[in-house]
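Examination of the molecular architecture
Each chain, letter by letter, is given below.
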Amino acid sequence: MAGFDVTDALSQIISLRGLDREFVVETLKESILAGVRKKYGKAENLEVDVDESTGEITVKRTRKVVEEVEDEDLELDLEKAKSLGYDGEMGGELVETIPLEEFGRSAIMVAKQIMFQRVREAEREKVYVGFSERIGEIVTGTVQQVDKRGVIVNLGRTEAIMPLREQIYTERTRQGQTIRAYILDVRRTSKGPQVILSRTHPDFLKRLFQFEVPEVYEGVVQIKSVAREPGDRSKIAVYSKDDKIDPVGACVGVKGSRVQAVVRELNGEKIDVVQWSSDMSLFVGRSLSPAKVLKCVLSERGGSARVVIVDDQYSLAIGRGGQNARLAAKLTGLKIDILSESQYREQLDRDKESLAMLGKTRGVSAKMIDRLILAGFSSAADIAKSTEKEITSIKGIGKKTAAKILEDAQEIDEEMKRKAEETARKEAEARLAERKAALEAKEQEEEEKKRAEEVEQAEETEEEEEEQEEEEVEKEQKEEGTEETEEVEEEESPGTAEENEVKSEEEKPIETGETSEEKPVESGE
């Protein structure tokens, strides 16, 4: 191999693969050494040297000069050593240069394969490390292929996959399309590093706002939490330590320009931007926007909240298919129980009734009930869900009393549930009856309408038939009148001819003797 060929090849590998020069040279040495080993078996006494300036490759073998040779790969006798140009003494070492041609084609092919394999492994490792450090960032690539497994995206240095579960269901990607996605994970596989992309991850939405909103990128406005149902709707909670900055207004932009840029990137996904607050009652109320919250009661034990909504905005707070309520729960991290104003009043009445029933049982005084209420237990159901340890932690209630309170509360809770189920069943039956009556009324109305249409159609048909009969009668009468006129004209036409003849004869001049008298008298004068 010519020196300049080696130098050019090394330079190409370094530039195309983006690898370190020192690493590539060492890899070349190791590859040649592995090929040499194919002929000589051992590589303990072999050394490969690559001159980077000239590209010359030198293979050297060192063998010890001994009296009795036990291993020809490592030793040789003095006579053979002298024939190879050795001028030293016994026990010395002979360093000989071996031409590459001596190793044969197979050894060189082995060296070449090992070189390519090591370079490929190094390149894969570099890609893996490079993308592992970028997990959580957004990358831009070109869609290379779309199949059942997902979307294959070309990122330049490697290919990434976006599985079906990480795709927005409303989007339709096509080959050659430029796409932005979130680096979710990087995995090692037998075929090299596998980059996993996502467009459904909540952090993808957060990163998009960092791109579009300078205040978010600079950290002036913080995105505290994100809740997404990809392709449909999302909610983000934003906050700023600077009182002069409106975090919601900064994210929305002038006439919604900033948030609309994100919406377009997400293929029309609706985004609600709400202001975060350390006051959880206020934050829960904001998270349910656009519905207005009348009251928000947080559980003393944490993890849940009860929200009261105006009756006519109850469906707005729940959202289509419960979507608004689900997103609010994800955004706040709380279990949210949403009640309409009327439902809340009914619930309060039931809670009071259950506590009143508990107060009537033996061993549970009114003072104990007051202590339970102060401890955060608003109903027998709350007490039934608690433990004996929680109740005994209340001052003035012992272990035996706590056990009785728990037992009575569970019985009352079961009874209240039965009553609620019975009420719900009756209400459902009433609604069903109303729906049935409305359906029957609608069917009857449709039937009457159908009958009226049939009667109207019959009348129209009858009128058309009458009009048609009248037209036929008029036509017949007209035809009969025409025939009579023609007959009369035929009968009168001969008599008229005779009269004409007589008339013509009468009009002829009659020749008489007086004719000469009528002639003018010629005067002699």
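These numbers come from a predicted model, not from an experiment.

A word on the environment of Val 221
Within the secondary structure, Val 221 sits in strand E10 (residues 221-229). Its relative accessible area of 1% is what places Val 221 among the buried residues. For the pair Val 221 and Ser 240, spaced 19 residues apart in sequence, the C-alpha separation works out to 4.7 Å. Setting aside chain neighbours within four positions, we find Val 221 in contact with Glu 215, Val 216, Val 238, Tyr 239, Ser 240, Ile 245, Pro 247, Ala 250 and Cys 251.

Some details on the confidence of the model for the chain
Residues at a pLDDT of 70 or more form 77% of the chain, whose mean pLDDT is 79. Segment residues 510-525 is flagged for pLDDT under 50; beyond a separation of four residues in sequence, or across chains, it makes zero contacts in the model.

Some thoughts on the pattern of salt bridges
All told, the structure shown has 18 salt bridges when counted by the stated rule. For the salt bridge of Glu 171 with Arg 199, the shortest nitrogen-to-oxygen distance reads 2.7 Å. Note that Glu 171 is positioned in the loop between strand E7 (159-163) and strand E8 (178-189) and Arg 199 in the loop between strand E9 (192-198) and helix H5 (202-212), a separation of 28 residues in sequence. A salt bridge links Arg 425 to Glu 429; its shortest N-O distance comes to 2.5 Å. Here Glu 429 and Arg 425 lie together in helix H16 (residues 399-506), a separation of four residues that amounts to about one turn. Residues joined in a network through salt bridges with shared partners are Glu 171, Arg 180, Arg 199 and Glu 265.

Side note on the sheet that holds strand E5 (residues 138-146)
Strand pairing in a sheet relies on backbone hydrogen bonds, with the paired strands running either antiparallel or parallel. An order of E5-E6-E7-E9-E8 is seen for the five strands of this closed barrel, with the pairing classed as mixed. Going across the sheet, the axis of each strand differs from the next one's by a mean of 50 degrees, ignoring polarity. Two elements, E5 and strand E6 (residues 150-154), share four bridges in a ladder whose sense is antiparallel. Looking at E6, one finds that Gln 145 is bridged to Ile 152. Here H5 sits on the sheet and contacts E5, E8 and E9; the angle it forms with E8, its principal contact strand, is near 130 degrees.

Focus on the packing of aromatic side chains
All chains considered together, the criterion is met by two aromatic pairs. Three or more aromatic residues joined by ring pairs form one cluster here, namely Tyr 239, Trp 276 and Phe 283. The ring of Phe 211 carries Arg 180 above its face, with NZ or CZ at 5.4 Å from the centroid. Over the ring of Trp 276 we find Lys 224, and its NZ or CZ is 4.7 Å from the ring centre.

Description of H5
Residue pairs three or four apart in sequence face the same way in an α-helix, which turns once every 3.6 residues. Buried within H5 we find Phe 204, Leu 205, Leu 208 and Phe 209. All buried residues of H5 lie within an arc of 140 degrees about the axis, which places them on one face of the element.

The rules we used
Residues numbered from 1 in each chain as written. Predicted model: local features only at pLDDT ≥ 70, side-chain atom pairs only at ≥ 80, totals over all residues. Heavy atoms only, no water. Helix = DSSP H or I, 4+ residues; strand = E, 2+ residues; numbered from the N terminus. Buried < 20%, exposed > 50% of the residue type's maximum accessible area, 1.4 Å probe, protein only. Contact = heavy atoms within 4.5 Å. pLDDT = per-residue confidence, 0-100. Salt bridge = Lys/Arg side-chain N within 4 Å of Asp/Glu carboxyl O. Pairing = 2+ DSSP bridges. Axes fitted to C-alpha atoms, helices over the stretch in contact; angles between N-to-C directions. Phe/Tyr/Trp six-rings, centres within 6.5 Å; stacked < 30°, edge-to-face > 60°. Lys NZ or Arg CZ within 6 Å of the ring centre and 35° of its normal. Arc of directions from axis to C-beta.

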